[in-house]
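Topology and contacts: notes
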Amino acid sequence: MPRNADPSTPAEPLLTTETTRLVPARAAGGVLAAGVLLLAMNLRPGVVAVSPELDEIRGSTGLSGSLAGLLTTLPILCFGLLAPFAAKLARRIGMTRALGAMMALLTAGIAVRLAPGLPALFAGTVLIGAAISLSNVLVPSVIKRHFHQRTGLMMGLYSVALFCGAALAAGVTVPLGDALGLGWRGAIGVWAVLSALAFVCWLPQLRRADVPAAPAGQAADSRTPLRRSRLAWQITLLMGLQSLEYYACAAWIPAMLTDEGMSSTQAGWMLSLMSLVGIAGSLAFTALVGRAGNQVPFALTGTALFFVSLIGLIVAPVGGAYAWMLMQGFGSGLLISTALAVIVLRAPDAGRAAEMSGMAQGVGYLLAAAGPFLLGALHDATGGWTVPLSLLAVVCVPMGVAGVGAGRARQLEA
């Protein structure tokens, strides 16, 4: 004891210990948050990068129109068909380890597409779809477990990262490939660098066990199945219908505007504008969700903006194109952010969040895969775009209803 010290005065080692523990904990949390956002930026480029190069791909490979449609739809089908397996993988090896494996698989899938021949192109696309599918489901569960006090904020930032990755791939793939003389294979293959970087940055998280556990005294397989929950189906329909709207518009709006007399370059810019404005919608959700008692206003605002944009595209497709794309982009940002947020906000624990994410994204992306085909079929049958766009406008009604149900502040049964 130091000279003249008062024996009744408590020493300070406890405060020092708590402080030294808190600083590494905050640093680790910051590393995890950065890793989650970098990982999220990789969940769209592997898919989106193909669309700007599709004409070059068809020209050099002789790919038919139907096979070209299959190439762009395959990842979305993987999103739906494989999503239910994510929760099982997480229970077997842990959520963070599973995400590390998916980043390695994503990098491998992008690299496979560099090989010559159509089989490699399609095989790599399937691997990419599988990696993104399981990652789509697992990231919300990681956020639920490790950021439970900032779930809304992290889900909003996650949505922003998704839109940033999509916008980056849409705008940079062709110019970068041309500038570096890579050709279309190199242009879509360069995104392996980003996914490899995400894998390296994720390595510190592989030490976590991170296996979702059922609540005390309750086995995971003894829980009430989500398919019996009305709330679970409302969340699923919100996720599915907003995905259908987004992917259908992303697939066909450039063609529709070109048919109405807009140049192909300007029509492509309209799609990029929609993606860029989607970032603003996600940021608005991120800024406001923490103050909101529920997410109903976000769902209804996004639905209304999307509905008005579709009516505008019917009435004045070229004259009002900028206004409609601004509305649709902002509405899309609000809707996807809301759909992703309610998956984790309505779940009582990380395990249930993984199950809910698997159901919502499994069914949701199967609906989304049907959207582009349905719109194309209606266009072929009617010779115009009024009927297809009118159908999308009608779909906004059940989407809004699902948003009201999913957005109310309540929880799924544990």
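These notes cover the structure that comes with them. (Residues numbered from 1 in each chain as written. Predicted model: local features only at pLDDT ≥ 70, side-chain atom pairs only at ≥ 80, totals over all residues. Heavy atoms only, no water.)

**As for the overall build of the chain**
Across its full length, the chain carries 16 helices and zero strands. Across the 414 residues in the chain, those meeting the buried criterion constitute 51%. Long-range contacts, defined here as pairs at least 24 residues apart, represent 83% of the contacts in the chain between residues at least 6 apart. Summing over all exposed atoms, the chain offers an accessible surface of approximately 17,500 Å²; the carbon and sulfur share of this is 67%. (Helix = DSSP H or I, 4+ residues; strand = E, 2+ residues; numbered from the N terminus. Buried < 20%, exposed > 50% of the residue type's maximum accessible area, 1.4 Å probe, protein only. Contact = heavy atoms within 4.5 Å. Areas by Shrake-Rupley, 256 points an atom, 1.4 Å probe, with all protein chains shown as cover.)

**Focus: the pattern of salt bridges**
With the rule as written, the count across this model stands at two salt bridges. Arg-91 is paired through a salt bridge with Glu-355; the nearest N and O atoms lie 4.0 Å apart. Within this pair, whereas Arg-91 is found in helix α5 (residues 86-93), its partner Glu-355 is found in helix α15 (residues 350-382), the two being separated by 264 residues in sequence. Exposure remark for Arg-91: the relative accessible area of 35% places this residue in the partly exposed category. Across the pair Glu-355 and Arg-352 runs a salt bridge, and its minimum N-O distance is 2.7 Å. Of this pair, Glu-355 and Arg-352 both sit in helix α15, separated by three residues, roughly a single helical turn. (Salt bridge = Lys/Arg side-chain N within 4 Å of Asp/Glu carboxyl O.)

**Quick look at the environment of Met-103**
Tracing the chain through its elements places Met-103 in helix α6 (residues 95-112). Separated by 91 residues in the primary sequence, Met-103 and Leu-194 place their C-alpha atoms 9.9 Å from one another. Beyond its immediate sequence surroundings of up to four residues, Met-103 is in contact with Leu-39, Asn-42, Leu-43, Ser-135, Ser-195, Ala-198 and Phe-199.

**Here's the deal with the packing of aromatic side chains**
In this structure the tally under the stated criterion is four aromatic pairs. Between Phe-79 and Tyr-365, the ring centres sit 4.9 Å apart and the planes meet at 70 degrees, which makes this aromatic pair edge-to-face. Of this pair, Phe-79 sits in helix α4 (residues 65-82) while Tyr-365 sits in helix α15, placing them 286 residues apart in sequence. Accessibility classification places Phe-79 together with Tyr-365 in one group, the buried group. (Phe/Tyr/Trp six-rings, centres within 6.5 Å; stacked < 30°, edge-to-face > 60°.)

**Description of α15**
The terminal C-alpha atoms of α15, which comprises 33 residues, lie 47 Å apart, in line with the 48 Å expected from a rise of 1.5 Å per residue. At Gly-371, α15 shows its largest kink, close to 25 degrees, and the proline Pro-372 lies no more than four residues downstream. A positive backbone phi angle near 75 degrees is found at Gly-383, which sits one or two residues after α15. (Expected span 1.5 Å × (residues − 1). Bend = angle between axes of the 7 residues up to and from the residue.)

**Here's the deal with the environment of Ser-229**
On the secondary structure map, Ser-229 appears in the loop between α10 (192-202) and α11 (230-259). Ser-229 sits 184 residues away from Glu-413 along the chain, and the two C-alpha atoms are 8.3 Å apart. Polar contacts involving the side chain of Ser-229 include one to the main-chain amide nitrogen of Ala-232, which spans 3.1 Å. (Polar contact = N/O pair within 3.5 Å; in protein donor to acceptor, adjacent residues only side chain to side chain.)

**Quick notes on a nonpolar patch on the surface**
On the surface, Phe-307, Val-308, Ile-311 and Val-315 cluster together into a nonpolar patch covering about 330 Å² of accessible area. Of the residues examined, Ile-311 reaches a relative accessible area of 34% and is grouped as partly exposed. (Patch = residues over 30% accessible without salt bridge, like charges linked within 9 Å, V, L, I, M, F, W, Y side chains within 5 Å.)

**A word on helix α8 (residues 151-180)**
With 30 residues, α8 should cover 44 Å at 1.5 Å per step; its first-to-last C-alpha distance of 41 Å lies within 8% of that length. The largest bend along α8 reaches roughly 45 degrees and is located at Val-172, with the proline Pro-175 sitting one to four residues downstream.

**Some points on the side chain of Gln-234**
Among the structural elements, Gln-234 can be located in helix α11. In this structure Gln-234 comes out as buried when scored by relative accessible area, which is 12%. Those residues in contact with Gln-234, other than ones at most four positions away along the chain, are Ala-402, Gly-405, Ala-406 and Arg-410.

**A word on the packing of helix α7 (residues 118-146) against α8**
Here α7 crosses α8 at 150 degrees, and the two axes come no closer than 10 Å. Taken together, the axes of α7 and α8 lie roughly antiparallel to each other. α7 and α8 meet at a crossing whose hand is right-handed. Where α7 approaches α8, its residues Asn-136, Val-139, Pro-140 and Ile-143 are matched on the opposing element by Thr-151, Met-154, Met-155 and Tyr-158. Classifying every residue of the contact of α7 with α8 gives six nonpolar, two polar and no charged. (Axes fitted to C-alpha atoms, helices over the stretch in contact; angles between N-to-C directions. Parallel < 35°, antiparallel > 145°, perpendicular 65-115°, else oblique. Left-handed = near helix turned anticlockwise from the far one by under 90°. Nonpolar A, V, L, I, M, F, W, Y, C, P; charged D, E, K, R; others polar.)

**Let's talk about the environment of Pro-317**
One can find Pro-317 in the loop between α13 (296-315) and α14 (321-345). Its relative accessible area of 12% is what places Pro-317 among the buried residues. With 56 residues separating them in the primary sequence, Pro-317 and Gly-261 have C-alpha atoms 9.6 Å apart. Sequence-distant contacts of Pro-317, defined by excluding residues within four places in its chain, comprise Met-256, Leu-257, Glu-260, Gly-312 and Trp-324.

**A look at the side chain of Ser-282**
Mapped onto the elements of the fold, Ser-282 is located in helix α12 (residues 264-288). Overall, the relative accessible area of 0% leaves Ser-282 in the buried class. A polar side-chain atom of Ser-282 sits 3.2 Å from a polar atom in the side chain of Ser-337.

**Considerations on the nonpolar core**
In globular proteins that are soluble, nonpolar side chains generally tend to be buried together. Counting residues in each nonpolar core, the largest one holds 115 residues, and the members touching the most others are Tyr-158 and Met-356. In terms of residue count, α11 provides more of this core than any other element does, 14 residues in total. (Core = buried A, V, L, I, M, F, W, Y, C linked by side-chain atoms within 4.5 Å.)

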